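What follows is the residue order along each chain.
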Amino acid sequence: MSKASQWTIEQVAAFEHQVTGVSVSSDNRIFVNFPRWTEDTAVSVAELQADGSLRPYPDEEWNAWRNARKDELDPAKGWVCVQSIVADGRGSLWVLDPAAPAQAHLVSNGAKLVQIDLASDKVKRSIAFDEEAAPQGSYLNDVRFSNDGKHAFITDSGVVGAILVVDLESGKVARLLDGHPSTQMKKGLNVKADGRELRRPDGRGVEFSADGIALSDDGRWLYWQAIKGDTLYRIATDVLCGKGMGGEDVGGEVEEFGINGVSDGLLIPQGTNRMLLSAVEDDAVKVRDLDEGPGGKPRILVQDARLRWPDTFTQGPDGTIYVTTSHIQDSAFFKPDAPPALPTQLWRLRGEGL
């Protein structure tokens with residue numbers, strides 16, 4: 001493995017709004033999304049153009065929904081509060097919309113997973129999440145797809161954490177590990193930024209349940225952790241898709257997989273058995289060798305003051321790793337004098353030897 005000093009970051013783009021998700025398609029198109037956390041942003045999902053501009057994606061109509069017009073527009077046919085996007089390598093971009101602006105009240109009929117055909121730039125299908133799958137208080141956060149393309153796995157970082165499993169053929173959804181210790185916030189843990197506990201003006205700290213999610217390269221294991229947590233967990237995907245989809249309790253199948261420390265985004269790069277994790281307290285990206293098992297320890301890959309809350313990872317077709325910095329510690333949630341529209345960035349990692 002390369003030494004941390006051999007890795008650097010390079011800015012790909014700067015945004016005038018708070019970015020979270022990023023994904024790169026197999027033909028090297030870059031997509032980003034902007035959740036409605038502290039502003040009624042005009043663009044929720046966009047394709048990053050070569051000149052740095054943003055093209056609303058898939059079109060203006062899907063980006064037309066606004067908090068200010070929520071009584072006029074159908075939340076099922078517009079981006080309400082998009083948290084993540086994933087190009088599946090099979091010609092589609094999937095958009096996960098938890099439909100809870102400001103991570104608060106969930107807009108009725110808004111929570112959904114939407115498939116967009118990249119060849120035509122048209123919405124192909126939308127899988128709606130009812131109140132059983134996404135109850136009030138939920139915040140669907142990130143998504144991964146099984147290697148056979150038949151299932152989606154989604155973390156819920158809301159009030160009560162959970163893992164959702166979606167049968168993409170039938171649209172059936174199973175909400176699993178709801179309230180299980182592995183998907184919940186860790187009591188007594190306080191997330192720090194700039195060396196200090198990160199708290200809102202009312203005293204609340206960072207409160208995210210199951211958030212970061214990663215699928216092993218062979219597709220056999222799903223990993224996740226809470227942001228307000230430090231422990232990595234995993235479960236066999238065949239258990240989720242078998243017993244879990246069949247309505248059985250799979251809590252006993254969850255394995256603790258060691259300590260990551262506080263982290264947001266997770267990624268297992270293709271062809272490796274190593275995990276990248278965003279070390280939000282350290283302005284860093286760390287890496288751990290999964291072959292070392294639960295005793296393995298994350299090591300700093302690159303640390304840079306510009307990595308303010310590294311959020312979401314993606315890997316391009318040429319192997320390049322990208323990461324967004326969402327600057328959560330700089331947002332109006334924690335700094336009341338911060339601007340509603342928060343400047344953020346997209347970076348690529350430069351180095352060899354993952």
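Just above, that's the structure.
Just so we're clear, the structure is a prediction, and the values are computed from it rather than from any experiment.

K.L.:
Quick question: what am I supposed to make of unusual backbone geometry here?
P.N.:
Keep in mind that most residues, glycine aside, have a negative phi and that most peptide bonds are trans. Residues Y57 and P58 are joined by a peptide bond in cis, for which omega reads 0 degrees. Looking at the element boundaries, P58 is found in the loop between β5 (54–56) and β6 (84–87). In this model, A102 sits at a positive phi of 60 degrees, which is unusual for a non-glycine residue. By the secondary structure assignment, A102 is in the loop between β7 (92–97) and β8 (112–117). At D121, a residue that is not glycine, the phi angle is positive and equals roughly 55 degrees. Mapping D121 onto the fold places it in the loop between β8 and β9 (122–128). On the accessibility criterion, D121 (16% relative accessible area) is buried.

K.L.:
Is there a simple way to explain the sheet that holds strand β16 (residues 210–215) in this structure?
P.N.:
In space, the 4 strands of this open sheet follow the order β16-β17-β18-β19, with antiparallel pairing throughout. At either end of the open sheet lies a strand with only one pairing partner, and these are β16 and β19 (255–259). Averaged over all neighbouring strand pairs, the angle between strand axes comes to 25 degrees, with direction disregarded. Note that strand β18 (residues 231–236) and β19 share 3 bridges and pair antiparallel. Across the sheet, Y233 pairs through a bridge with E256, a residue of β19. Lying over the sheet, helix α1 (residues 237–244) contacts β16, β17 (221–226) and β18, oriented at roughly 60 degrees with respect to β18.

K.L.:
How should the pattern of salt bridges be read in this particular structure?
P.N.:
Pairs can form between side chains of opposite charge whenever their charged atoms are close. In the structure shown here, the tally under the stated rule is 24 salt bridges. One salt bridge connects E10 with R348, and the closest N-O pair in it is separated by 2.6 Å. With E10 in strand β1 (residues 8–15) and R348 in strand β26 (residues 344–350), this pair connects stretches of sequence that are 338 residues apart. Between E255 and R234 there is a salt bridge, with the nearest N and O atoms lying 3.0 Å from each other. Taken together, the residues E255 in strand β19 and R234 in strand β18 connect sequence positions 21 residues apart. Overall, the relative accessible area of 14% leaves R234 in the buried class. Residues participating in the shared-partner salt-bridge network are R29, E47, R55 and D121.

K.L.:
Looking at this structure, how should I read the sheet that holds strand β2 (residues 22–24)?
P.N.:
Adjacent strands of a sheet form backbone hydrogen bonds with each other and so pair up, either parallel or antiparallel. The sheet built from 4 strands is open, its strands ordered β2-β3-β4-β5 with antiparallel pairing. Since the sheet does not close on itself, it has two edges, and those belong to β2 and β5, each with one partner. Each strand axis lies, on average, 30 degrees off the axis of its neighbour in the sheet, ignoring direction. One ladder, built from 3 bridges, connects strand β4 (residues 45–48) with β5; its direction is antiparallel. The partner of E47 across the bridge, within β5, is R55.

So, how was this worked out
- Residues numbered from 1 in each chain as written.
- Predicted model: local features only at pLDDT ≥ 70, side-chain atom pairs only at ≥ 80, totals over all residues.
- Heavy atoms only, no water.
- Helix = DSSP H or I, 4+ residues; strand = E, 2+ residues; numbered from the N terminus.
- Buried < 20%, exposed > 50% of the residue type's maximum accessible area, 1.4 Å probe, protein only.
- Pairing = 2+ DSSP bridges.
- Axes fitted to C-alpha atoms, helices over the stretch in contact; angles between N-to-C directions.
- Contact = heavy atoms within 4.5 Å.
- Salt bridge = Lys/Arg side-chain N within 4 Å of Asp/Glu carboxyl O.

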